[in-house]
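These are the residues of each chain, in order.
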Amino acid sequence: MLTISLCMIVKNEEDVIDRCLSSVHHLVDEIVIVDTGSTDKTKDICRRYTDRIFDFPWNDDFSAARNFSFEQATGDFIFWLDADDVLSEEDQKKFKKLKKTLTPDVSAVSMEYQLSFTPEGKPSQSLRRYRLVNRRCSFRWVGAVHEYLEVSGNLVHGDVAVQHRPVSRDRDPDRNIRIYEQMLAQGVKFSPRDLYYYANELKDHGRYKDAVAYYEKFLATGKGHVPSSGVN
């Protein structure tokens, strides 16, 4: 049977990381944790599940951290999650079945990502993400923020669903816009995707005139954008 490495980047996730790892640790052959500066008990909790914990100095670049996590993996395939993601018991069973039937010619497997739920617990918003990738393909993450995973080849749609179950916590509301403006200051050329998400950040910060300008730049490219893989 092919082996699977779970790769995660984390920071101050003590409220959710145990819930995540307890739902998947028995499904994978290796767990790689890349910590970008936790000051809480995140790493202590992770040590209950793995000793493969690496420190990565945060550099305002999500792709750099995710690519570093992928580089530490030794399994045949890489499965990635965020700390506030979880697999239900039903999807754990589906994952086990997927693992048994996985073949080396598969490049990547997409899974449903359930983002919100009705009061009855049914998914009300979902999309698909390539969650399981063949390590030999050396796929890379792209984008400092709202990053996405570039995949190609033999792509398979799986029936496993990942649930996004965030909890209320203090987050830096200016982080994303700060990263984009640092990129601008450094002369980084924005992709259509960057233009779109930066315009969203400007809108969310009440800078409507600037937001309109960047939406217009995005539309002028005529290229659309690639959806992000993470939720940040």
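A brief report on the enclosed structure follows. Since the model is a prediction, treat every value here as computed from it, not as a measurement. (Residues numbered from 1 in each chain as written. Predicted model: local features only at pLDDT ≥ 70, side-chain atom pairs only at ≥ 80, totals over all residues. Heavy atoms only, no water.)

1. Description of the overall build of the protein
Counted only if it meets this: Every helix listed is a DSSP run of H or I at least four residues long, and every strand listed is a run of E at least two residues long, numbered separately from the N terminus. Radius of gyration here uses only the C-alpha atoms, and the compact-globule reference equals 2.2 Å multiplied by the residue count raised to the power 0.38. For every residue, the accessible area (1.4 Å probe, protein chains only) is compared with the maximum for its type, and the residue is labelled buried under 20%, exposed over 50%, or partly exposed between those bounds. Contacts between residues were defined by any pair of non-hydrogen atoms, one from each residue, lying within 4.5 Å. Here, Shrake-Rupley sampling with a 1.4 Å probe gives the accessible areas, and only protein chains in the shown set may cover a residue.
A count of helices and strands for the protein gives 7 helices and 10 strands. By the compact-globule yardstick of 17 Å for 232 residues, the protein fits well, its C-alpha radius of gyration being 18 Å. In terms of overall dimensions, the protein has a C-alpha envelope of 55 × 40 × 40 Å along the principal axes. With 232 residues in all, the protein has 47% of them scored as buried. A sequence separation of at least 24 residues applies to 70% of the contacts in the protein between residues at least 6 apart. For the protein, the exposed surface amounts to about 11700 Å²; the carbon and sulfur share of it is 49%.

2. Points about helix H3 (residues 62-71)
Helical geometry note: an α-helix holds 3.6 residues per turn, so side chains three or four residues apart project in the same direction. Spelled out, the test is: Any pair of nitrogen or oxygen atoms within 3.5 Å is treated as a polar contact; in protein, a donor-acceptor pairing is required on top of that, and neighbouring residues in sequence qualify only through side-chain atoms on both sides.
Counted residue by residue, H3 has 7 buried out of 10 residues, so it is predominantly covered. Buried residues of H3: Phe62, Ser63, Ala65, Arg66, Asn67, Ser69 and Phe70, and no others. The N-capping residue of H3, defined by a side-chain oxygen 3.1 Å from the backbone nitrogen of Ser63, is Asp61.

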